[in-house]
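# An overview of the molecular structure
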2 protein chains.
Amino acid sequence: MRSGRISFGYSARMALGCGDISLALLTDLYQFTMAYGYWRSGRHREIAEFELFFRDPPFEGGFSLYCGLQEVLLYLRDFRLSDEEIAYLESALPSTVDKAFYRYLKTVDASEVTVKSIAEGSVVFAREPLMQVRGPLLVVQLLETTLLCLVNFASLVATNAARMRSAAGPDKMLLEMGLRRAQGPNGGISASKYSYIGGFDCTSNVLAGKLYDIPVAGTVGHSYVTSFSSLEEVHPKVLEPAGGKDPALDFLVLVEAWLQQVCQLLGVSPEHVNRGELAAFVSYGIAFPLNFLVLVDTYCVKRSGVPNFCAVALALHQLGYRAVGVRLDSGNLARQSVEIRSTFRACAKHFNVPAFEKLSIAISNNVSERSLLQLNQEDNEIDVIGVGTNLVTCPLQPSLGCVYKLVQVNGCPRMKLSEDQDKMTIPGSKTVYRLYDCHGHPFLDLMALEDEPPPSVGREMELHVLGRWEETRKVTPGATEVLHRVYFKDGQICQHLPTISDVKAHAQHSLNMLPSEHRKLHNPKPFKVALSEKLYHLLNNLRRTSHLQ
Amino acid sequence: MRSGRISFGYSARMALGCGDISLALLTDLYQFTMAYGYWRSGRHREIAEFELFFRDPPFEGGFSLYCGLQEVLLYLRDFRLSDEEIAYLESALPSTVDKAFYRYLKTVDASEVTVKSIAEGSVVFAREPLMQVRGPLLVVQLLETTLLCLVNFASLVATNAARMRSAAGPDKMLLEMGLRRAQGPNGGISASKYSYIGGFDCTSNVLAGKLYDIPVAGTVGHSYVTSFSSLEEVHPKVLEPAGGKDPALDFLVLVEAWLQQVCQLLGVSPEHVNRGELAAFVSYGIAFPLNFLVLVDTYCVKRSGVPNFCAVALALHQLGYRAVGVRLDSGNLARQSVEIRSTFRACAKHFNVPAFEKLSIAISNNVSERSLLQLNQEDNEIDVIGVGTNLVTCPLQPSLGCVYKLVQVNGCPRMKLSEDQDKMTIPGSKTVYRLYDCHGHPFLDLMALEDEPPPSVGREMELHVLGRWEETRKVTPGATEVLHRVYFKDGQICQHLPTISDVKAHAQHSLNMLPSEHRKLHNPKPFKVALSEKLYHLLNNLRRTSHLQ
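Keep in mind that this is a model prediction, so the values were computed, not measured.

### Some words on the pairing of strand β5 (residues 131-136) of chain A
Residues and elements named next belong to chain A.
- The element β5 is extensively covered by neighbouring structure, given that 5 of its 6 residues are classed as buried.
- The pairing of strand β1 (residues 47-54) with β5 spans 6 bridges and is antiparallel. Bridge pairing in β5 links Leu52 to Met131.
- Direction of pairing for strand β3 (residues 114-117) relative to β5: antiparallel, over a ladder of 4 bridges. Paired with Ser117 across the strands is Met131, a residue of β5.

Now the structure itself:
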C-alpha cells in the first residue's frame with residue numbers, strides 16, 4: 001500500500017503539520033525580551049554566530065541521526081512577524097518597551113541569516129555543531145527555540161528508530177504505529193516521518209503517508225472482530241474466484257467446510273471456535289481477498305483465532321487468492337509465532353498449499369528496543385513488527401537536549417562558563433572535518449577554527465580529544481570531509497533539497513560507514529570528537545581570562 | 001505579562017495547532033480498511049458504542065486529570081473527507097476495494113454521532129469511560145485514533161503538571177518552558193496549554209500564550225549575557241528616574257559606584273566581577289527598569305553574578321525603580337538560593353532598601369517531580385521554578401495509554417477477551433456515577449448499565465470493586481453524581497464550552513475534593529471503581545459464553 005506522490009518539502013507550515021499558523025511566535029518569550037535588550041543597546045545588527053548541538057549521545061548510545069534541517073529551512077524562508085503577532089507581543093511585554101522596537105520588528109526577517117549545516121540524516125556526535133547560524137544578533141537570537149523544537153525531537157526519534165532497526169535486524173519489516181500515543185497531531189506526524197528516515201519501512205499514519213510519501217499499512221483491530229457476533233451478519237456471503245471469469249460462490253459454505261478439516265487437523269473442537277470471530281474473518285476475506293491479514297488474539301489464539309484464519313485463508317486459496325497472514329497483539333509473541341508457523345506448515349503439507357509456509361506473522365504489543373533484542377535471542381517466526389509507544393515517546397530518553405549557544409559576536413569568540421563544567425561551551429566560528437582511516441571509515445570529527453588550514457591527508461597532526469582535553473593526541477587522516485555546507489543564505493534555501501527517500505538512504509549509508517563498535521546499542525566505543533590545537537588554546541585562554549576578571 | 005484575549009476554542013484546527021490541514025486523515029490506515037469491511041458487509045450504519053479509557057493510572061499515582069475534550073469536539077464538528085483526501089485513500093488501499101465505497105466516504109460526517117463525556121479537567125480513574133462515543137459503526141470506528149491522539153497526551157501532561165504542583169506546594173510560581181524539548185510545534189503548544197490547566201501559572205511559549213490566553217513569562221538566557229564583553233557595548237548609558245519628570249542620569253556611573261559598595265559588603269574583589277556580565281545586566285536594566293530579572297550563573301554566581309545584579313538593582317532602586325530578581329540555571333539550587341537570600345538581606349539592611357529582602361529567586365535546570373519533592377525537604381528561598389523537559393516529555397511515563405474499545409453494537413453488549421487478562425474490556429453501554437460520602441468527598445465511581453435505576457442516596461447497595469470483582473461489597477452513598485453529559489449530538493457541540501481558566505479552576509476543584517490519601521504522589525490509596533451487580537453478571541455471562549463457544 002503505497003502513498004501518493006507529494007514531495008518531502010510540501011510547504012513550510014504544511015511540513016510542520018501547522019497549516020496556516022505562522023510559527024514566528026512559536027518561541028520563548030525571553031527571546032523577545034533579549035531582542036529588545038539588544039535593540040535598546042544598539043547591538044541588534046552586530047553579527048553573531050550560534051551553534052546548535054547536543055551534549056550527550058541519546059540513549060547512552062554511540063551516535064545520533066541528525067534530522068529536522070528541511071523543516072528549519074522552510075521555517076527560515078517564511079520567518080517574519082505579522083502586524084497581529086506584533087500587537088500580541090506588545091500586549092505581552094512590559095509597557096516600558098519603546099514603541100519603535102515594534103516598528104523595527106516589522107522589518108525583521110531571515111534574509112541576512114546564513115545557515116551552515118551537516119546534511120540531514122547524517123550520523124552525528126555529541127558537542128559538534130549540527131547547525132551554525134550566523135546573522136544579525138537580534139534575528140539569530142529569535143530563531144533559537146523554534147530551531148531547537150524542530151531538530152530535537154526529529155533527531156531523537158530518527159535515532160530511536162535506527163536503534164530499533166539495529167535491534168530487530170535487517171530482515172524484519174518494521175511498522176510505525178504510534179500516532180495515538182504521540183504528543184498530539186504534529187508529534188505523531190513527526191514520529192512517522194523521522195522513524196521512516198531512521199529505518200522503519202512504513203507507518204500506520206495516513207496523514208503522514210500523504211504528506212511525506214511514506215508507505216502506509218494496516219489491516220484490522222480488535223473492535224472489528226468483536227463487532228461481529230455471528231455469521232448472520234456477513235453480507236454478501238459470496239465471492240468471485242480470482243480472475244473474475246467464474247461466477248461467485250457461496251464463500252461461507254467453503255469456509256465452513258475448510259473449518260471442519262482444519263479443526264480435525266489441529267485437534268481443535270469446532271465448537272470452541274468463536275463464531276463472531278469467524279464472521280469477522282469471513283467478511284474481511286470477502287472485502288480484501290488479496291490482502292487478508294487479521295488479528296487472531298481477540299479470543300483464544302490456538303482454539304479460535306488460528307483455526308478461523310486457516311479456514312478463511314484456505315477458502316481464499318481455493319478461489320485462487322493468496323492470504324497474507326496473521327497479527328498477534330498479546331501473550332508471548334515469540335513462542336506463539338513458532339507455534340503458528342508450525343500450524344501453517346502442517347496446513348501447507350496436509351492440504352498441499354505450499355504458500356501457507358510463507359504466510360506472514362505480524363506482531364505488536366508494547367514492543368521496545370529491549371523486547372526486539374530479546375526476540376533476536378529467542379526462536380521466533382515473526383516477519384512484521386509494529387511499534388508504537390516506545391518508538392514515538394522514546395521512553396529511554398524522551399528528549400535529545402539539543403542546545404543553541406553563542407560562539408562568536410563581531411568576529412570575537414564567546415563562551416559560557418558555568419558552575420557545571422559540562423555546560424561550558426566551545427567558543428569561536430568553526431569548520432568541522434570528519435576524518436577517515438585508510439579503509440574509508442570515519443574515526444574522528446575535528447573542530448577547528450574557521451581560519452585554520454584544513455587537515456592534510458596522510459600528514460600527522462596534533463589535536464585534543466573531548467573528554468581528555470589536556471592530552472595532545474596525534475592522528476593521520478586517510479581522507480577528510482568538511483561536514484557543513486551553506487544551506488540558507490540571502491533569504492533563500494541554497495541547496496537542492498533531497499526527497500525523504502534520499503534522506504533515508506543517506507541515513508542508512510552514513511550509519512553503515514560507521515565502524516560497528518560505535519554502533520553497538522550498549523556500551524559502544526565513543527566516537528572521538530576533537531579540537532584542533534588552535535581551538536584548544538583559544539578555549540583555554542578565554543577560560544582563564546573569564547576566571548581572572 | 002498577560003496575553004491577549006483569544007477564546008479557548010478559537011477554531012478546531014487552530015486549537016489543534018494545525019491550521020488549515022484537515023485532521024480527517026490523521027488516523028491509522030486500519031480504520032479505513034475496517035470501515036471498508038463494515039461497508040462491504042452492509043454493517044456500516046449499525047449503531048455502535050465505543051468507550052475511551054485508560055487501564056492504569058499514570059505515574060503509578062492515584063488519579064489522572066482528563067483533558068482534550070474541547071479539541072475532540074472541534075474535530076468532530078469539522079469531520080469530513082475532502083475529494084483530495086479520498087483520492088489519496090484510493091491510492092493507498094488495495095485496488096480490489098469497490099469504488100462505491102469511496103463515493104460513500106464522501107457522505108460521511110459526525111452528524112449522527114453522540115458523544116457523552118466527563119467534564120474536561122475532572123479527576124478520573126482507571127478503566128472508567130472518559131468518553132462514550134455512539135453512532136454508525138463505520139464513523140465511530142474512523143474516529144478512534146484521532147480521539148486517542150487528542151486525549152492521551154493532553155491528559156498525561158495535565159496530570160504530570162498537577163503532580164508537580166503538588167510536589168512544589170501551593171506557594172511557588174511554576175513556569176512551563178518545555179517548547180524546545182517537546183515533540184515538535186504542536187507537542188509544545190499542547191504541553192503549554194495542559195500544564196496550565198494542571199496547575200502551572202504561566203508558560204514561556206508565546207504562541208501558546210496567544211492562542212489560549214495563558215500568561216507568558218521570560219527574561220534573559222545565557223546568550224544575552226555572553227554576547228556582551230565590556231561596558232563599551234552599552235548604549236545608551238543613561239536612564240530617566242521613575243516618574244519621567246527628572247532628567248536622565250548616567251546609569252553606568254551609578255552602577256559602578258554601587259558595585260564598589262556591594263563588593264566591599266560581600267567581601268568580593270571588584271576585579272573578579274565579569275565586566276561583560278555587568279554590561280549585559282546594565283543594558284537589561286536600562287531596557288527593563290521595572291522588570292529587571294537576570295540570570296546570574298553565566299560566570300561565577302557568588303563572585304560575579306550576584307554582585308553585578310545587586311549593583312544594577314541598587315542603582316535602579318536609587319532611581320525609583322524596583323528590581324524583580326535573579327535566576328539560577330546550574331549548581332545546587334536550594335543551597336545557592338539560601339546564600340543569595342542572605343546576600344539580599346544583607347544588602348537590604350546595609351543599604352536600607354527593604355524591598356531587597358523580597359527579591360524573587362527563580363530557578364531552572366532539569367527540574368523534575370523528584371527534585372521538587374527534594375527541594376521541599378531542604379531549606380530553600382526559591383520563589384519561581386521553571387520546568388521544561390520533565391514536564392513536557394513526562395519521562396516517568398511518556399504515554400497515558402488510553403484505548404478506545406467497542407462495548408455495544410445494535411444494543412447488544414460486546415467485549416474483548418484476551419490472553420492478557422488486563423486487556424479484557426467491560427461490555428455494555430453504561431452510566432457512571434461518582435458516589436460521595438456524608439462529608440461531600442468522592443469515595444467510589446460506579447459503572448452501571450444504562451437501563452439500571454440510579455443508586456439511591458442513603459440506601460445501601462451491593463457492588464463489585466474492580467481488582468477484587470469476585471467479592472460483593474456494600475456501600476451507602478451520601479450523594480451521587482452522574483459523571484457524563486452529552487457534549488456532541490446532531491453534528492453540534494451541545495454544551496457551553498468553558499474558557500481555559502474555567503477548566504483550570506474545575507481541575508483544581510476536582511483535585512481538592514479528592515481525599516488526600518488518593519492524591520499522594522507515591523503509594524496512594526487506590527480510588528475504588530466498581531461495577532453494579534447487573535453489569536458484573538453481564539460481564540461474567542459474556543465471558544463464559546465466549547469461552548464456551
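Continuing now.
### Describing the interface of chain B and chain A
- Residue-level contacts link 131 residues of chain B with 131 residues of chain A.
- Summed over both sides, the interface of chain B with chain A buries roughly 10600 Å², with 57% coming from carbon and sulfur.
- Viewed at the interface, chain A and chain B are joined by 8 salt bridges.
- For the salt bridge of B:Arg180 with A:Asp28, the shortest nitrogen-to-oxygen distance reads 2.9 Å.
- Along the contact surface separating chain B from chain A lie 40 residue pairs in polar contact (both at pLDDT 80 or more).
- When residues of the side of chain B that touches chain A are assigned to their parent elements, the largest contribution, 10 residues, is made by helix α2 (residues 29-40) of chain B.
- Residue composition of the side of chain B that touches chain A, by class: 58 nonpolar, 49 polar and 24 charged.

### Overview of the packing of aromatic side chains
- Taken as a whole, this structure holds 34 aromatic pairs over all chains when the rule is applied.
- Ring geometry for A:Phe309 versus A:Phe344: centroids 5.6 Å apart, planes at 50°, classification tilted. One end of the pair, A:Phe309, is in helix α13 (residues 301-318); the other, A:Phe344, is in helix α14 (residues 333-350), with 35 residues separating them in the sequence.
- Judged by its relative accessible area of 0%, A:Phe309 is buried.
- In textbook terms, an aromatic cluster arises when at least three aromatic residues are bridged by ring pairs, as seen for A:Tyr36, A:Tyr38, A:Trp39, A:Phe101, A:Tyr102, B:Tyr224, B:Phe228, B:Tyr284 and B:Phe288.
- One Lys or Arg, A:Lys504, reaches over the ring of A:Tyr196 and ends 4.1 Å from the middle of that ring.

Quick notes on the rules
Throughout this document, residue positions are counted from 1 along each chain, in the order its sequence is written. Ligands are numbered from 1 and chains lettered from A, in the order in which they are written. Note on the predicted model: pLDDT of at least 70 is required for a residue's local features to be given, and 80 or more for side-chain atom pairs to be given and counted; whole-chain, interface and lining totals, by contrast, use all residues. Only hydrogens and water are set aside when side-chain values are computed; all heavy atoms of the structure are taken into account. Summary of the burial criterion: residues with accessible area below 20% of their type's maximum are buried, those above 50% are exposed, and those between are partly exposed, where the area comes from a 1.4 Å probe applied to protein chains only. Strands are runs of DSSP state E lasting at least two residues, helices are runs of H or I lasting at least four, and both sets are numbered from the N terminus onward. Two strands are said to pair when DSSP picks up at least two bridges between them. The contact rule is simple, with two residues in contact once any of their heavy atoms fall within 4.5 Å. For any pair of parts, buried area is found by adding up, for both, the accessible area (1.4 Å probe) each one loses once the two are put together. Whenever Lys or Arg places a side-chain nitrogen within 4 Å of a carboxyl oxygen from Asp or Glu, that contact is recorded as a salt bridge. Any pair of nitrogen or oxygen atoms within 3.5 Å is treated as a polar contact; in protein, a donor-acceptor pairing is required on top of that, and neighbouring residues in sequence qualify only through side-chain atoms on both sides. Gly counts as polar in this scheme, as do all residues outside two lists: the nonpolar Ala, Val, Leu, Ile, Met, Phe, Trp, Tyr, Cys and Pro, and the charged Asp, Glu, Lys and Arg. By convention, a stacked pair of Phe, Tyr or Trp rings (six-membered ring in the case of Trp) has centres within 6.5 Å and planes under 30 degrees apart, an edge-to-face pair has planes over 60 apart, and any other such pair is tilted. Lysine and arginine charges are scored as sitting over a ring when NZ or CZ, respectively, is within 6 Å of the ring centre and within 35 degrees of the ring normal.

These values are about where atoms sit, not about what they do.
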